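# Descriptive analysis of the structure
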Amino acid sequence: MSKSGSEGVKKNGEFVKMRGIGIPIRLYKLQNAKLDGDEVVKLMRQHPWGEGTEEGFIKPRKHNGEVQAEYVVSYPYHYYKLDEKGRIVPVSVMAQDKGEIHVRCDTGVIELRGSYLATKRSVTKTVEITGVKAEPMTISDDAMDKLMTKAKEVSTITISNLDNPYLNSLEIRGEAIKRAPEILIFRKRQRGRIKTLRGTYSLPSGQMLTCFFNSKGSFIIYRKGEGIYVDDLEYMVGYLEKLALPETQ
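All figures in this text were calculated on a predicted structure; none of them were measured in a lab.

Now for the layout of surface pockets. The gaps left among the atoms become clear once a water-sized probe is rolled over them. For the largest pocket, the calculated volume is near 1100 Å³. Residue lining of the largest pocket: 34 residues in total, with Val16, Lys17, Glu100, His102 and Arg113 positioned closest to the centre. Secondary structure elements with two or more residues in the lining of the largest pocket: strand 3 (22–30), strand 4 (55–63), strand 5 (66–82), strand 6 (88–104), strand 7 (109–114) and helix 5 (230–248). The class makeup of the residues in the lining of the largest pocket is seven nonpolar, 11 polar and 16 charged.

For the rest of this paragraph, the subject is a nonpolar patch on the surface. The grouping of Tyr77, Tyr79 and Val93 at the surface amounts to a nonpolar patch, some 260 Å² of accessible area in total. What makes Tyr79 partly exposed here is its relative accessible area of 32%.

Those residues of helix 3 (residues 141–150) that sit buried are Asp141, Ala143, Met144, Leu147 and Met148. The buried side chains of helix 3 occupy one side of the element, clustering within an arc of 160° when seen end-on.

This part is about the pattern of salt bridges. Applying the stated criterion to the full structure yields 13 salt bridges. Where Asp83 meets Arg87, a salt bridge forms, and the shortest distance between an N and an O atom there is 2.9 Å. For Glu171, the salt bridge goes to Arg173, with nearest N and O atoms at 2.8 Å. Classification of Glu171 as partly exposed rests on a relative accessible area of 47%. When salt bridges that share partners are traced, they join Glu66, Glu100, Arg104, Glu111, Arg113 and Glu241 into one network.

Below, the discussion takes up unusual backbone geometry. Positive phi, close to 55°, is recorded for Asn64, a residue that is not glycine. Residue classification places Asn64 among the exposed residues on the basis of a relative accessible area of 68%. Unlike most non-glycine residues, Asn161 shows phi in positive territory, near 55°. Tracing the backbone shows Asn161 in the loop between strand 9 (153–160) and strand 10 (169–173).

Turning to the nonpolar core, a few remarks are in order. With 39 residues, the main nonpolar core has Tyr201, Phe213 and Ile221 as its most contacted residues. If you tally residues by element for this core, the top one is helix 5, at eight residues. Tyr201 has contacts with Leu147, Met148, Lys150, Ala151, Gln207, Met208, Leu209, Cys211, Phe213 and Met236, leaving out every residue within four places of it along the chain.

To continue, consider the packing of aromatic side chains. Pairs of aromatic rings are described using the distance from one ring centre to the other and the angle between the two planes. In the structure shown here, the tally under the stated rule is four aromatic pairs. Look at Tyr201 and Phe213: their rings are 5.6 Å apart centre to centre, the planes differ by 80°, and that puts the pair in the edge-to-face class. Note that Tyr201 is positioned in strand 11 (residues 193–202) and Phe213 in strand 12 (residues 208–214), a separation of 12 residues in sequence. An identical accessibility class is assigned to Tyr201 and Phe213; each is buried. Among the aromatic residues, ring-to-ring pairing joins Tyr201, Phe213 and Phe219 into one connected group. Lying across the ring of Tyr239, Lys150 places its NZ or CZ 4.6 Å from the centre.

Alternating positions in strand 10 separate cleanly, Leu170 and Ile172 being buried on one face and Ser169, Glu171 and Arg173 remaining unburied on the opposite face. Where strand 9 lies against strand 10, five bridges are found, and the strand directions are antiparallel. Each residue of the ladder has a partner; that of Ile159, found in strand 10, is Leu170.

Moving on to the pairing of strand 9. Of all eight residues in strand 9, six are buried, a share of seventy percent or more. Bridge analysis of strand 9 against strand 11 gives seven bridges, and the strand direction is antiparallel. Bridging across to strand 11, Glu153 finds its partner in Thr200.

Overall, the predicted model of the protein chain reaches an average pLDDT of 85, with 92% of residues at or above 70. Confidence scores differ between elements of the protein chain, with strand 1 (residues 9–10) showing the lowest mean pLDDT of 40 and strand 12 the highest of 94. The low-confidence segment residues 1–12, where pLDDT is below 50, has 22 contacts with residues more than four positions distant or belonging to other chains.

Structurally, the position occupied by Ser115 is in the loop between strand 7 and helix 2 (116–130). For Ser115, a relative accessible area of 17% puts it in the buried group. From its side chain, Ser115 meets the backbone nitrogen of Ala118 in a polar contact 3.3 Å long. Among all residues touching Ser115, those that are not within four sequence positions of it are Arg26, Asp97 and Lys98.

Scoring rules and cut-offs
Residues numbered from 1 in each chain as written. Predicted model: local features only at pLDDT ≥ 70, side-chain atom pairs only at ≥ 80, totals over all residues. Heavy atoms only, no water. 1 Å grid on protein atoms, 1.4 Å probe; cavity = no way out; pocket = protein on both sides within 12 Å on 5 of 7 lines; lining within 4 Å. Points joined across faces, edges and corners; volume = space filled by probe spheres on them. Helix = DSSP H or I, 4+ residues; strand = E, 2+ residues; numbered from the N terminus. Nonpolar A, V, L, I, M, F, W, Y, C, P; charged D, E, K, R; others polar. Patch = residues over 30% accessible without salt bridge, like charges linked within 9 Å, V, L, I, M, F, W, Y side chains within 5 Å. Areas by Shrake-Rupley, 256 points an atom, 1.4 Å probe, with all protein chains shown as cover. Salt bridge = Lys/Arg side-chain N within 4 Å of Asp/Glu carboxyl O. Buried < 20%, exposed > 50% of the residue type's maximum accessible area, 1.4 Å probe, protein only. Arc of directions from axis to C-beta. Core = buried A, V, L, I, M, F, W, Y, C linked by side-chain atoms within 4.5 Å. Contact = heavy atoms within 4.5 Å. Phe/Tyr/Trp six-rings, centres within 6.5 Å; stacked < 30°, edge-to-face > 60°. Lys NZ or Arg CZ within 6 Å of the ring centre and 35° of its normal. Pairing = 2+ DSSP bridges. pLDDT = per-residue confidence, 0-100. Polar contact = N/O pair within 3.5 Å; in protein donor to acceptor, adjacent residues only side chain to side chain.

This is how it looks when you write it as C-alpha cells:
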C-alpha cells in the first residue's frame, strides 16, 4: 500500500484527497430547486478559474448523478519581514484556497468540502449563476441526539438553550459521556439542545474515526493513519443528510 501525505489507495477504494488532519464538510439545502445537472455544469464552465481571474470553478463535471467541481479563490496576503538592513518592511503575496462543491440535483443538497473561504464563495457563486437560493442545512436536536446514540463513544458535547436561570449553555467532556446520568438532567429536565458533538464512529472500512458535528449543518471527519476512505466519507455525509432532510423539506 502506497503512502502519501494527501492521498493513497486501498484494496476496494481510495483515499479522499486532503490537506491537514481532517476534512470540513458543510451541507446546504437548495430552496425549491429544479436544477438540471447538465445546465449547472454549463453555467459553471462559464466562470472558470485561471487566466487572471481571482476565483472560479475547475473541472465542472457530472459524476454518479451529481455535479462536482473544485473552486479556487485567490487573495492577497500581507505580512512583515526584515530586509537586508534589519528593517521591518511590508510584503504582499497572492494566496489561494481551494474547496470542492457537490450539487445533488435530485435531493437539492449542496455538499462543500475543504476551506471555509473557498466553499462559502463556491456556494455563493452557484446560487448567483443558477438563481436558486440555498440555506445551511440545520440539524435538529432529535437528529443530533441520534448522532450521539450512533457514536461508539462521545468525548465532548455542548448543550445550549437550557431551561435554567443560572446557565444558558455548557460543555461537557469525558471518557464515556453517553453513559453519564447527568446528561439526562440537562437534556430532559432542563430541555437543553445539543449544539456540538464530538465522538468516534465505526465506518464501512472498519476504521473508527472521530467526527465533530455542529447543529448548523457542518462537521469535520478526522483522518487516522494514511487518510480517510472515500466510502467512509460518503457514508457519513449520506447518514447526516438522511437525518437532516426531513427537517428541511
